[in-house]
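# Residue-level structure breakdown
What follows is each chain in one-letter form.
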Amino acid sequence: MRVPQVMILTSSYPRYAGDYAGIFVASLASALQRTNFKVVVVAPHGPSLAAHETTDGVAIIRYRYAWPSTMERLAYGGGILPNLMSSWAARLALLPYVVATLFACLRYGRNQTVIHAHWLHNGTLAVLCKYFIHRPVVVTVHGPDLSTLSRFRVGRWMIRWTCRRAAGVIAVSESIRQKIIVLGIDADKVRHIPNGVPDEDEFLAIPLNQRADGHRLLYVGRLVPQKTVGNLLISLRTVLKEEPATTLTIVGEGPLRVELEAMTKQLGLEKIVNFVGAQSRRRIPGWFRQADIFVLPSRVEGFPIVILEAMAAGRAIVATATEGVPEIIQDGQNGRLVPTDDPAALADAILSLLRYPHERQRFAVAARSTISKRYRWSTIASTTAQYYVECATAR
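In every chain, residue numbers begin from 1 and rise along the written sequence. In view of the model being predicted, local features appear only for residues whose pLDDT reaches at least 70, and side-chain atom pairs are presented and counted only at 80 or more, with totals across whole chains, interfaces and linings using the full set of residues. Note that the side-chain values use all heavy atoms of the structure and ignore hydrogens as well as water.

### A word on the overall build of the protein chain
The criterion, for reference: Helix and strand labels come from DSSP, where a helix needs a run of H or I of at least four residues and a strand needs a run of E of at least two; each type is numbered from the N terminus. Exposure is judged per residue with a 1.4 Å probe applied to protein chains only, and the accessible area is read against the type maximum: over 50% gives exposed, under 20% gives buried, and values in between give partly exposed. What makes two residues a contact is simply this: any of their non-hydrogen atoms within 4.5 Å. Areas reported as accessible are Shrake-Rupley estimates using a 1.4 Å probe. Residue values count occlusion only from the protein chains shown.
For the protein chain, the count of helices and strands is 15 helices and 14 strands. By principal-axis analysis of the C-alpha atoms, the protein chain measures approximately 65 × 45 × 40 Å. Of all 395 residues assigned to the protein chain, the portion counted as buried reaches 59%. Sequence-distant contacts in the protein chain: of pairs separated by 6 or more residues, those separated by 24 or more amount to 67%. With the model as given, the accessible surface of the protein chain reaches about 16800 Å², and the carbon-plus-sulfur share is 56%.

### Examining the pairing of strand β10 (residues 247–251)
So the rule is basically this: When DSSP locates at least two bridges between a pair of strands, those strands are taken to pair. We call a crossover right-handed when, viewed with the strands running away from us, the connection from the first strand over the helix to the second turns clockwise.
With respect to burial, β10 is a largely interior element, four of its five residues being buried. As paired strands, strand β9 (residues 216–220) and β10 are joined by five bridges and run parallel to one another. Each residue of the ladder has a partner; that of Leu217, found in β10, is Leu248. Taken together, β9, helix α8 (residues 229–242) and β10 form a β-α-β motif whose crossover is right-handed. In terms of strand pairing, β10 meets strand β11 (residues 273–277) through four bridges, oriented parallel. What sits directly across from Val251, in β11, is Gly277. The parallel pair β10 and β11 is bridged by helix α9 (residues 257–266), and the resulting crossover is right-handed.

### Observations concerning the environment of Pro198
Its location among the elements puts Pro198 in the loop between β8 (190–192) and β9. Residues in contact with Pro198, not counting those within four places in the same chain, are Ser27, Leu204, Arg281, Arg376 and Trp377.

### Observations concerning the sheet that holds β11
Inclusion rule: Lines are fitted to the C-alpha atoms to define the axes, a helix being fitted only along its stretch in contact, and any angle between axes, read from their N-to-C directions, falls within 0 to 180 degrees.
Spatial ordering of the open sheet is given by β11-β10-β9-β12-β13-β14, a layout of six strands whose pairing is parallel. Looking along the sheet, the strands with just one partner apiece sit at the ends: β11 and β14 (336–338). On average, each strand axis in the sheet is tilted by 20° relative to the strand beside it, whichever way the strands run. In the packing of α8 onto the sheet, contacts are made with β9, β10, β11 and β12 (293–296), and the angle to β10 comes to roughly 170°.

### Comments concerning α8
An α-helical turn contains 3.6 residues, so a residue and the one three or four places further along point in the same direction. Quick note on the threshold: For a helix, the expected span equals 1.5 Å multiplied by the number of residues minus one.
The end-to-end C-alpha distance of α8, which contains 14 residues, comes to 21 Å, matching closely the 20 Å that a straight helix rising 1.5 Å per residue would cover. Within α8 the residues assigned to the buried category are Val229, Gly230, Asn231, Leu232, Leu233, Ser235, Leu236, Val239 and Leu240. Buried positions along α8 lie against β9, β10, α9, β11, β12 and α13 (343–355).

### Some details on the packing of α8 against α9
Spelled out, the test is: Geometric relationships in this document are graded by angle, where less than 35 degrees denotes roughly parallel, more than 145 denotes roughly antiparallel, 65 to 115 denotes roughly perpendicular, and other angles denote oblique. With the far helix as reference, a near helix turned anticlockwise by less than a right angle produces a left-handed crossing, and one turned clockwise produces a right-handed crossing. Gly falls in the polar group here, along with every residue not listed as nonpolar (Ala, Val, Leu, Ile, Met, Phe, Trp, Tyr, Cys, Pro) or charged (Asp, Glu, Lys, Arg).
Contact geometry of α8 with α9 gives a least axis separation of 10 Å together with a crossing angle of 15°. With respect to their mutual orientation, α8 and α9 come out roughly parallel. In terms of crossing hand, the pair formed by α8 and α9 is right-handed. On the side of α8, the interface is formed by Val229, Gly230, Leu233 and Ile234, while α9 contributes Leu260, Met263 and Thr264. When grouped by side-chain class, the residues that make up the contact of α8 with α9 number five nonpolar, two polar and no charged.

### Observations concerning helix α1 (residues 23–33)
The element α1 is extensively covered by neighbouring structure, given that ten of its eleven residues are classed as buried. When α1 is considered as a whole, its buried residues turn out to be Ile23, Phe24, Val25, Ala26, Ser27, Leu28, Ala29, Ser30, Ala31 and Leu32. Residues of α1 that are buried make contact with β1 (5–9), β2 (38–44), β4 (58–63), β5 (114–118), α11 (305–312) and α15 (377–394).

### Section: the pattern of salt bridges
Our working rule: Salt-bridge detection follows one rule: a side-chain nitrogen of Lys or Arg within 4 Å of a carboxyl oxygen of Asp or Glu.
Applying the stated criterion to the full structure yields 15 salt bridges. In this structure, Glu72 engages Arg64 in a salt bridge whose closest nitrogen and oxygen atoms are separated by 3.0 Å. Taking relative accessible area as the criterion, Glu72 reaches 3% and is therefore assigned buried. In this structure, Lys179 engages Glu323 in a salt bridge whose closest nitrogen and oxygen atoms are separated by 2.7 Å. You can see Lys179 sitting in helix α7 (residues 174–182) and its partner Glu323 sitting in the loop between β13 (316–320) and α12 (325–328), a full 144 residues away along the chain.

### Remarks on the environment of Thr101
For clarity, the cut-off: Pairs of N or O atoms are called polar contacts if they sit within 3.5 Å, as long as, within protein, a hydrogen donor faces a hydrogen acceptor (for residues adjacent in sequence, only side-chain-to-side-chain pairs).
With respect to the element layout, Thr101 can be found in helix α3 (residues 88–109). Separated by 58 residues in the primary sequence, Thr101 and Ala43 place their C-alpha atoms 8.4 Å from one another. Engagement of the side chain of Thr101 in a polar contact is seen with the backbone oxygen of Tyr97, the distance being 2.7 Å.

Here it is as structure tokens:
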């Protein structure tokens, strides 16, 4: 009997041990490899990367799209869209990238049971390939891709064209699923399958926070406009008026770092806020271990992995009620939710957890319990594999 095979087409995948780029795709690939599916990942090449490698039993193929490799600046870093906005080299690489992705999909997708494309732009290219290699295509929509494309008429057309011709569509949150349906896609075709955390995860090994006097806040993520880290800095100034021992560590890199550091000085917070830059994934658990409260102030989020990691680490969470976040955090049960773009509400929520450590500990316990019940990659991979079979047999 032929072993079922899936080709995962992605524009982001970890480049080295501890890299955060596309970590959720890598986690899914590793978990799928432990089901009855054989997995091959096809991702763009980048400077100093090997063309072929195997990690956790998953074969990884990285296709070239520019020469020399130092010109491969479209993928990775801040992501394709931010790179296009900030770099002429990235813009020049766009057409070669599209052509190279099409050829890679045609070459490596031919003998697969199913092609699983992450992000809508890859889904569109995979669906185009379907007409030549006749393989079913499943497209995962992560949120930012949907938000960006749906702002434009041609983008909405692209979403409809891709999703209607794909064998299946996965939305990582129910809110994303509903947005896809509103655009005219059959509800039965769109399946909600979330991201998760590995069963044997270093975040789950972190002891639950029992410090009653904890005043250490943590943010982990890219420093880009949609994360609105500036709102967190504004809220921190309010927090310090009542809880002056509070500190904030910002883990991450991005185009707004210089602007945010300047804002920190303008607000008189340079001794309170510590920018530590990008950190490898293996070091992130250490930052959670030191933190008392994790804060995510984003304006836009699909289904943030970092929230799941904070929950697995047993940390109290304050987050904005955007996109898929309310599906993970139930306000007052396993964390606190506040409106987007509201620094005052953010400050109030942080202060409530600083004032009442027992509430903070209750949220931490409930958050870790939520992870154990709903967001383990082994369960999610099994569900995904079953969906592959449905899509492959229904065509």
